[in-house]
Amino acid sequence: MTILVTGAAGFIGFHTCKALVARGETVLGLDNVNGYYDVDLKQARLEQLLSQKNFTFVEMDISDNDALERAVSGQKIHAVLHLAAQAGVRYSIENPKVYADTNLQGFFNVLEYARNSGVANVVYASSSSIYGGNTKMPFAEDDVTDTPVSFYAATKKSNELMAHSYAHLYGISLTGLRFFTVYGEWGRPDMAYWIFSEKLRRNEPVQIFNNGDMSRDFTYIDDIVTGVIAAIDRPASALGLDVPHRVYNLGNDKPEKLMDLVGCIEKAFGQELIKEFQPMQLGDVERTWADISRARKELGFNPHTSLEEGIERFASWFKFWKMR
Ligand code: NAD
């Protein structure tokens, strides 16, 4: 199979491309390698991918439809994994336009590409943030999700609605993956586990929001990759639904307090963090918790990495990355 992966230089894109190439797929990666976070990190991920013979890469902006058409011209693509997005809840408060351009226009371009080129299988990234102010735990896919508390979440929910209409109108198989706080090696410098590790290394204080009374369903990257690949292998169209669109929670089904994350980081690095307790931030939610029974049943998704184990692996990699 030839699989088009957008956001290939990103955290989840990098790990998924590596796994796809390792099992013999041909991957065409796209990414604009933007400076939202450390470009060296994105370049280092790309270098590793480009050392594999079945991986090719085009640097382009997904919100530019002509650039997308040029990148895929003459290629027979069997499936699309659309991960390119402007991520981050807090950044969306000050920078909504980039989210509209990349997450809405970019998503539309991918849908149009699938429609015009006849790609039958599209898997795309949604987010746990679409559950917004939900208080019913754990979050299940059929919960009402019409109260996004950040513009980022609003763009991801919009993607799900756009996907549903394309599945209904054009019969394209679309699978949305609601990722829950993914962490691990080669991860994202804008996320708490990385920021805490960096502050600890510099012996600087960390800000702990909502006085630490927040929990997240932290999900380890290798577990996520198995879920993403299972979603590519089992398209929504195979489920016999009226409309071939399905969304799945990909989480760990084990919410952990922010202070538990702090504890795991302190243990992995053998050092205590200097903590500054702060109030809740605008756009944040207090708790996330994935009900993963649908993904277990239909994708065979079975996350098994504990936070302690995953942070230990991240910390070993992080030390290597900072030493290079
Ligand atoms: P990431 O930021 O590491 O990866 C996204 C990639 O998309 C980046 O390499 C970036 O350069 C690229 N990109 C951004 N705008 C682009 C554009 N206009 N054109 C082309 N490329 C562009 O993030 P990630 O953690 O790997 O997330 C992958 C997907 O999963 C995203 O859609 C994100 O919203 C979603 N997601 C991630 C998490 C998580 O915890 N990591 C949680 C929920 C949802």
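Residues numbered from 1 in each chain as written. Predicted model: local features only at pLDDT ≥ 70, side-chain atom pairs only at ≥ 80, totals over all residues. Heavy atoms only, no water.

S.K.: A description of the side chain of Asn 159 should follow, citing residues and the corresponding values.
M.R.: Along the chain, the position of Asn 159 falls in helix H6 (residues 151–170). Look at Asn 159 and you get buried, because its relative accessible area is 2%. In this structure Asn 159 touches Asn 103, Leu 104, Phe 107 and Tyr 124, once residues within four positions along its chain are discounted. (Helix = DSSP H or I, 4+ residues; strand = E, 2+ residues; numbered from the N terminus. Buried < 20%, exposed > 50% of the residue type's maximum accessible area, 1.4 Å probe, protein only. Contact = heavy atoms within 4.5 Å.)

S.K.: So what about the packing of aromatic side chains? Which residues, and what values?
M.R.: By the definition in use, this model includes 23 aromatic pairs. Ring centres of Phe 139 and Phe 180 lie 6.3 Å apart, and the angle between their planes is 40°; this geometry places the pair in the tilted category. On the criterion of sequence distance, the pair formed by Phe 139 in the loop between strand E5 (121–127) and H6 and Phe 180 in the loop between strand E6 (173–179) and strand E7 (182–183) is long-range, its members being 41 residues apart. Overall, the relative accessible area of 0% leaves Phe 180 in the buried class. Through a chain of ring-to-ring contacts, the aromatic side chains of Phe 14, Tyr 183, Trp 186, Tyr 193, Trp 194, Phe 218, Tyr 220, Phe 269, Phe 314, Trp 317, Phe 318 and Trp 321 assemble into a single cluster. Seen from the ring of Tyr 37, Lys 42 lies directly overhead, with NZ or CZ sitting 4.6 Å from the centre. Looking at Arg 115, its charged tip hangs above the ring of Tyr 170, at a distance of 4.7 Å from the centre. (Phe/Tyr/Trp six-rings, centres within 6.5 Å; stacked < 30°, edge-to-face > 60°. Lys NZ or Arg CZ within 6 Å of the ring centre and 35° of its normal.)

S.K.: Let's hear about the site of the ligand: which residues, and what values?
M.R.: Of all residues adjacent to the ligand, which total 29 residues, the nearest are Asp 31, Tyr 37, Tyr 152, Lys 156 and Val 182. The backbone of Asn 32 places a nitrogen or oxygen atom 3.1 Å from a nitrogen atom of the ligand. In the model, a nitrogen atom of the ligand is placed 3.4 Å from a nitrogen or oxygen of the Asn 34 side chain. Of the residues forming the shell around the ligand, the biggest block, 3 residues, is contributed by E5. Tallied by class, the residues present in the shell around the ligand amount to 16 nonpolar, 8 polar and 5 charged. (Near = heavy atom within 4 Å. Polar contact = N/O pair within 3.5 Å; in protein donor to acceptor, adjacent residues only side chain to side chain. Nonpolar A, V, L, I, M, F, W, Y, C, P; charged D, E, K, R; others polar.)

S.K.: Which residues make up the sheet that holds strand E11 (residues 245–250), and what values go with them?
M.R.: Read across the open sheet, the 7 strands follow the order E3-E2-E1-E4-E5-E6-E11; overall the sheet is parallel. One side of each edge strand has no neighbouring strand; the edge strands of this open sheet are strand E3 (55–59) and E11. Strand-to-strand, the axes of this sheet are offset by a mean angle of 20°, without reference to chain direction. The pairing of strand E1 (residues 2–6) with strand E2 (residues 26–31) spans 5 bridges and is parallel. Paired with Val 5 across the two strands is Gly 29, which belongs to E2. Contacting E1, strand E4 (79–82), E5 and E6, helix H5 (residues 96–117) crosses the sheet at an angle of about 175° to E4. (Pairing = 2+ DSSP bridges. Axes fitted to C-alpha atoms, helices over the stretch in contact; angles between N-to-C directions.)

Geometric descriptors of this kind do not, in isolation, establish any biological role.
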